[in-house]
Amino acid sequence: MSTGLDRGASTPVAAPPGPAGVRRMRRFGPTVFAEMSALAQRTGAVNLGQGFPDTDGPGSLLEDAVAALRSGANQYPPGLGVPELREAVSRHQERWYGLRPDPDTEVLVTAGASEATAAALLGLCEAGDEVVVLEPAYDAYPALIALAGAVQRSVPLLPTADGFALDRAALEAAFSDRTRLVLLNTPHNPTGTVLSDDELTLVARLAARHDAVVVTDEVYEHLVFTGHRHRPIATLPGMAERTLTVSSAGKTFSVTGWKVGWVSGPAPLVAAVRAVKQFLTYVNGAPFQPAVAKALDLPGAFFTEQAGDLQRRRDLLSEGLRSAGFGVRTPAGTYFVVADPAPLGFDDGTELCRRLPELAGVVGVPVSAFCEPGGAAAGASAALVRFTFCKSDAVLLEACDRLQALRR
């Protein structure tokens, strides 16, 4: 008599579950930053991969946050963000760029720049709409475009002797009658490029021709170095009415963990972002928002000194990389420098980054991780590695010393 447990018994066996998650997101695993930071922690390597400072922001900002905590600013803030911060963002835009968004209808506080970008894509793109993106691109962009059901059209920033240049022919070819949105990032992560007025003008002309909205990620707006300047595309003729400008406190004030960002622009576009944002985080960072508001009003010297100190650290790391045998493209802004290990005999940046903790006790991030596989940008950037210099002098000097092992 069979018990139902014998070999060959006909007892039904449950089928394994199907693939988890929606199809459009299955190609996105853990980010390269998580992988490389875990590698640094596991090996004791100096982490120059993930772009977060190892020092706190200005003392006044921290004390203002403590005061807000103690004064009871610990419940839900208004859905738009606290009035003090919205007004401060408006003043900031006028002070630096001559823009004056209405704090009540044209400014929205978000959980960092990533949420602002996500809500903009989800709120403005229908399934099948096309989004023009510069590559290499911050790794959240492709995932957010896919989440919105939109289609990415990549335009390469190609490495040159001095830096990276926009492929203008590819930019023109990327636009079509299905283009809904241009996702711009300047100053640019990971390359450190600051788009020129000519490049911005070309983007603006094409966006206007195809009636596309521009969402511009400007989180590194105050981290621009000597000889360069950041110009928001919203300041170009005819662009204010079709541009959403995204920024945040994290990079400017070295408080990346606070996740306080904002988006500003025409009221109808901001309303579209808010319609989505309210069902994501709803609100965030109640005690941090008034502190950031005060920080945005700090004297101009603060912002100049921050950029100057970061430029000094850029030069320190760049010199160490050159001394170790890398080719270096000096960035015009941001936290990052792109290094070329080809002179050291390495032509695969991903392989090098996985071996670098063993070879030299340092972690970087392969630039190809910011590119769609098989594209022009991925091919041109295959060997390149991004290192961050938003660290203390002691950490940078230790990394530079360790990297000398690559020459031995």
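Residues numbered from 1 in each chain as written. Predicted model: local features only at pLDDT ≥ 70, side-chain atom pairs only at ≥ 80, totals over all residues. Heavy atoms only, no water.

- An unreviewed UniProt entry lists the protein chain under the name Pyridoxal phosphate-dependent aminotransferase, with Kineococcus mangrovi given as the organism.
- Checking UniProt for the protein chain, the heading Cofactor (unreviewed entry) contains the comment "pyridoxal 5'-phosphate". (UniProt positions renumbered as here; feature names shortened; annotations may be inferred.)

## Topic: the overall build of the protein chain
Part 1 of the argument: Looking only at helices and strands, the protein chain has 14 helices and 14 strands in total.
Part 2 of the argument: A compact globule built from 408 residues would reach a C-alpha radius of gyration of about 22 Å, and the protein chain, at 23 Å, matches this within 12%.
Part 3 of the argument: Here the protein chain holds 408 residues, and 55% of them are scored as buried.
Part 4 of the argument: A separation of at least 24 residues holds for 75% of the contacts in the protein chain among residues at least 6 apart in sequence.
Part 5 of the argument: Carbon and sulfur atoms form 53% of the exposed surface of the protein chain, whose accessible area is close to 17,500 Å².
Part 6 of the argument: Counting 37 positive and 44 negative side-chain charges, the protein chain places the averaged centre of each group 3 Å from the other. (Helix = DSSP H or I, 4+ residues; strand = E, 2+ residues; numbered from the N terminus. Rg over C-alpha atoms; globule rule 2.2 N^0.38 Å. Buried < 20%, exposed > 50% of the residue type's maximum accessible area, 1.4 Å probe, protein only. Contact = heavy atoms within 4.5 Å. Areas by Shrake-Rupley, 256 points an atom, 1.4 Å probe, with all protein chains shown as cover. Lys, Arg positive; Asp, Glu negative; His and termini not counted. Charge placed at Lys NZ, Arg CZ, Asp CG, Glu CD.)

## A short note on the side chain of threonine 388
Part 1 of the argument: Tracing the chain through its elements places threonine 388 in strand E14 (residues 385-388).
Part 2 of the argument: Classification of threonine 388 by relative accessible area gives buried; the value is 0%.
Part 3 of the argument: Polar contacts involving the side chain of threonine 388 include one to the main-chain carbonyl oxygen of tyrosine 335, which spans 3.2 Å.
Part 4 of the argument: Only 3.4 Å separates the side chain of threonine 388 from the backbone nitrogen of cysteine 390, close enough to count as a polar contact.
Part 5 of the argument: Discounting residues that sit within four places of it in the chain, threonine 388 has contacts with Leu48, Gly49, Gln50, Gly51, Leu317, Tyr335, Phe336 and Leu396. (Polar contact = N/O pair within 3.5 Å; in protein donor to acceptor, adjacent residues only side chain to side chain.)

## Here's the deal with the sheet that holds E14
Part 1 of the argument: Ordered by their spatial adjacency, four strands build an open sheet running E10-E11-E14-E13, and the pairing between neighbours is antiparallel. The sheet is open, and its two borders are formed by strand E10 (327-329) and strand E13 (365-366), each paired with just one other strand.
Part 2 of the argument: Two strands pair when backbone bridges link them, and E10 and strand E11 (residues 336-340) are joined in this way by three bridges, in the antiparallel orientation. Each residue of the ladder has a partner; that of glycine 327, found in E11, is aspartate 340.
Part 3 of the argument: Across the sheet, helix H11 (residues 300-324) is in contact with E10, E11 and E14; its angle to E11 comes to roughly 10 degrees. (Pairing = 2+ DSSP bridges. Axes fitted to C-alpha atoms, helices over the stretch in contact; angles between N-to-C directions.)

## What about the packing of aromatic side chains?
Part 1 of the argument: Scanning all chains against the criterion turns up twelve aromatic pairs.
Part 2 of the argument: When the ring of phenylalanine 253 is compared with that of phenylalanine 302, the centres are 5.8 Å apart and the planes differ by 20 degrees; the resulting orientation is stacked. Of the two residues, phenylalanine 253 is situated in the loop between helix H8 (249-252) and strand E9 (261-264) and phenylalanine 302 in helix H11; the sequence distance between them amounts to 49 residues.
Part 3 of the argument: Taken together, a centroid distance of 4.3 Å and an interplanar angle of 15 degrees make the contact between tryptophan 258 and phenylalanine 288 stacked. Within this pair, whereas tryptophan 258 is found in the loop between H8 and E9, its partner phenylalanine 288 is found in helix H10 (residues 288-296), the two being separated by 30 residues in sequence. (Phe/Tyr/Trp six-rings, centres within 6.5 Å; stacked < 30°, edge-to-face > 60°.)

## Considering the nonpolar core
Part 1 of the argument: Phe326 and Phe387 are the most contacted members of the largest nonpolar core, which totals 71 residues.
Part 2 of the argument: At seven residues, the largest contribution of residues to this core is made by helix H4 (residues 112-124).
Part 3 of the argument: Excluding residues within four positions of it along the chain, phenylalanine 387 makes contact with Leu48, Leu317, Leu321, Phe326, Tyr335, Phe336, Val337, Ala339, Leu356, Val362, Val363 and Gly364. (Core = buried A, V, L, I, M, F, W, Y, C linked by side-chain atoms within 4.5 Å.)

## Observations concerning the packing of H11 against helix H14 (residues 393-403)
Part 1 of the argument: Put simply, H11 and H14 touch, their axes get as near as 8 Å, and they point 10 degrees apart. Looking at the two axes, H11 sits roughly parallel to H14. On the side of H11, the interface is formed by Arg312, Arg313, Leu316, Leu317, Gly320, Leu321 and Ala324, while H14 contributes Asp393, Leu396, Leu397, Cys400 and Leu403.
Part 2 of the argument: Class assignment of the residues belonging to the contact of H11 with H14 gives a composition of eight nonpolar, one polar and three charged. (Parallel < 35°, antiparallel > 145°, perpendicular 65-115°, else oblique. Nonpolar A, V, L, I, M, F, W, Y, C, P; charged D, E, K, R; others polar.)

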